[in-house]
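# Working through the structure, step by step
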Amino acid sequence: SVYKIKYGLYLFIFFIPLLNSLTIILAIRSIPILLFLFFSLCLGFVVNYARNNFGKKWYEVKPAVFFDSEIARPVLVFIIIFAISCLITIFRYSNFYPFITNNYYDLKVNVNGVGSTGSIYWTIHFFFNYIIGFGLLFIIFNIINKVKDIIIALVILVSSTLVSSGVFFYQYFFNPYFGSFKHWVNSGRFNATFTDPNSLGAYTILLFPIFIVLIIFSKKWYIKLTFGLLFIPFMIMILFSGSRSALVGVCLALLIFLILGVIKTIKKVKHFPKHKKIIVLIITLILCVVIISSCFSFIKLDSKIKSIILGTGLVERSIATFKTGLHYYRSAGFIESLKSISNYRY
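Remember, predicted model here, so these are calculated numbers, not experimental data.

### With respect to the nonpolar core
- Leu-41, Phe-208, Phe-211, Phe-234 and Ile-238 are the most contacted members of the largest nonpolar core, which totals 40 residues.
- Every element with two or more residues in this core is listed here: helix 1 (5-15), helix 3 (33-52), helix 5 (116-143), helix 6 (147-173), helix 8 (197-217), helix 9 (221-241) and helix 10 (244-270).
- With residues up to four places along the chain from it excluded, the contact list for Phe-234 reads Thr-161, Ser-165, Thr-204, Leu-207, Phe-208 and Phe-211.
- The next biggest cluster of nonpolar side chains, apart from the first, holds 6 residues, and it includes Cys-86, Ile-90, Phe-127 and Ile-131.

Printed below as a string of structure tokens:
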């Protein structure tokens, strides 16, 4: 970052999917590695900015670009409110020491036996996680200045996802306990390079639309093919993460792309000559036949192959969720059905 801030940013982006489970692999206490890496990136940015303006007079210094005032003000207000909230929460976990008590005690704060110290650490960790969201945007707005830079960043993100997919396949075929816990292994779910399967699911929701866009809008066929091949292990990870939120996110993204695609196709087809319209209609009918026949083929698949596909954590959990929701809907109504499928997380 000190040498060249853009390289530092690209390296930070590359590490985002890869370092989450490092402390699990090393069997050490969990620490927010990415948080510390961001602090390094931020310091590198400050050093670069100071170096570029060194020796200049105050009126020659180019100000760092950020949002316009309409966005900057609410961001600042949010940070202030969030900082106050963080402080109040820390004091609450410490039993408002030194205002109410004379000593600090590591009290149990919930039924799982989590102590005050661990809770305070967790609060500070997530406070910084929220704050650096704005800090990262600030750095990006000052570094990324071309469309090419954005494309490079996306390609780097996709390439690091390939490494994450490699770890998933290693877990699946060789050692399911690598970078994971017994709890997740016993439930048939995989986390790849993330702290847990739900984190992997959240990440796949974010990256799924990016993959689709890169495949659709890449101009050269071999680039489309490359992204398409990288997309296959990515989709397999979604299935084996067992994250139902990921499934919902993927379905919504596909629906949006489908609607946009249909609208765009109808607009184009309107201006086609009659013989081209007939060709489009025939292709559409063929696609419908292929999709329907694929569904029937799956039903008639060999039971062993079918069990492999249906045995993924995501499919099993989705089927169980559907059955649970249906049972509670019939016995207790719609509201109880919603509660049951969300594990009573109001």
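### What to know about helix 3
- Helix length check: helix 3, at 20 residues, gives a terminal C-alpha distance of 29 Å against a target of 28 Å (1.5 Å per residue), a fit within 8%.
- For helix 3, the complete set of buried residues consists of Ile-33, Leu-34, Leu-35, Phe-38, Leu-41, Gly-44, Phe-45 and Asn-48.

### Topic: the environment of Ile-205
- Relative to the elements of secondary structure, Ile-205 occurs in helix 8.
- Note on Ile-205: relative accessible area 29%, which makes it partly exposed.
- Spatially, the C-alpha atoms of Ile-205 and Cys-251 are 9.8 Å apart, while their sequence positions differ by 46 residues.
- Leave out the neighbours within four places in its chain, and Ile-205 touches Ser-245, Ala-246 and Gly-249.

### Description of unusual backbone geometry
- With omega at 5°, the peptide bond leading from Tyr-97 into Pro-98 counts as cis.
- Within the element layout of this structure, Pro-98 appears in the loop between helix 4 (69-93) and helix 5.
- Positive phi is not limited to glycine here, since Ala-27 has a value of about 55°.
- By relative accessible area, which is 68% here, Ala-27 ends up exposed.
- Positive phi values are uncommon outside glycine, yet Phe-96 reaches one of about 55°.
- Note that Phe-96 resides in the loop between helix 4 and helix 5.

### Details of the pattern of salt bridges
- For the coordinates displayed, the defined rule picks out 2 salt bridges.
- A salt bridge links Lys-6 to Asp-149, with the shortest nitrogen-to-oxygen separation between them at 3.0 Å. Taken together, the residues Lys-6 in helix 1 and Asp-149 in helix 6 connect sequence positions 143 residues apart.
- What makes Asp-149 buried here is its relative accessible area of 5%.

### Let's talk about the environment of Pro-17
- Its location among the elements puts Pro-17 in the loop between helix 1 and helix 2 (22-25).
- With a relative accessible area of 0%, Pro-17 lands in the buried category.
- Between the C-alpha atoms of Pro-17 and Leu-34, which are 17 residues apart in sequence, the distance is 9.6 Å.
- Once you skip the residues sitting within four places of it in the chain, Pro-17 turns out to touch Leu-157, Ser-160, Ser-164, Thr-193, Phe-194 and Tyr-203.

### Looking at the layout of surface pockets
- By volume, the largest pocket amounts to about 1,700 Å³.
- As for the largest pocket, its lining consists of 41 residues, and the residues nearest its centre are Ile-16, Asn-20, Leu-34, Asn-129 and Phe-194.
- When residues of the lining of the largest pocket are traced back to their parent elements, those giving at least two are helix 1, helix 2, helix 3, helix 5, helix 6 and helix 8.
- Taken together, the residues of the lining of the largest pocket sort by class into 31 nonpolar, 9 polar and 1 charged.

Cut-offs used in this document
- For every chain, the first residue of the written sequence is number 1, and numbering continues from 1 onward in sequence order.
- Predicted model: local features are reported for residues with pLDDT of at least 70 only, side-chain atom pairs are reported and counted for 80 or more only, and whole-chain, interface and lining totals are derived from all residues.
- Side-chain numbers here rest on the full set of heavy atoms in the structure, without hydrogens or water.
- To qualify as a nonpolar core, a set must consist of buried Ala, Val, Leu, Ile, Met, Phe, Trp, Tyr and Cys residues joined through side-chain atoms within 4.5 Å.
- The rule is simple: take the accessible area with a 1.4 Å probe, protein chains only, and divide by the maximum for that residue type; under 20% is buried, over 50% is exposed, in between is partly exposed.
- By definition, any uninterrupted DSSP run of H or I lasting at least four residues is a helix, any uninterrupted run of E lasting at least two residues is a strand, and each is numbered from the N terminus.
- The contact rule is simple, with two residues in contact once any of their heavy atoms fall within 4.5 Å.
- Here the expected span of a helix is defined as 1.5 Å times the quantity of residues minus one.
- Put simply, a salt bridge is a Lys or Arg side-chain nitrogen that is within 4 Å of an Asp or Glu carboxyl oxygen.
- Lining residues are defined by having an atom within 4 Å of a point belonging to a cavity or pocket. Those points lie on a 1 Å grid over the protein atoms alone, cavities being sets where a 1.4 Å probe fits but cannot get out and pockets being open sets with protein on both sides within 12 Å along at least five of seven lines.
- Grid points are joined across faces, edges and corners, and a volume is the space filled by probe spheres set on the points.
- Just so you know the grouping, Ala, Val, Leu, Ile, Met, Phe, Trp, Tyr, Cys and Pro go in nonpolar, Asp, Glu, Lys and Arg go in charged, and all remaining residues, Gly too, go in polar.

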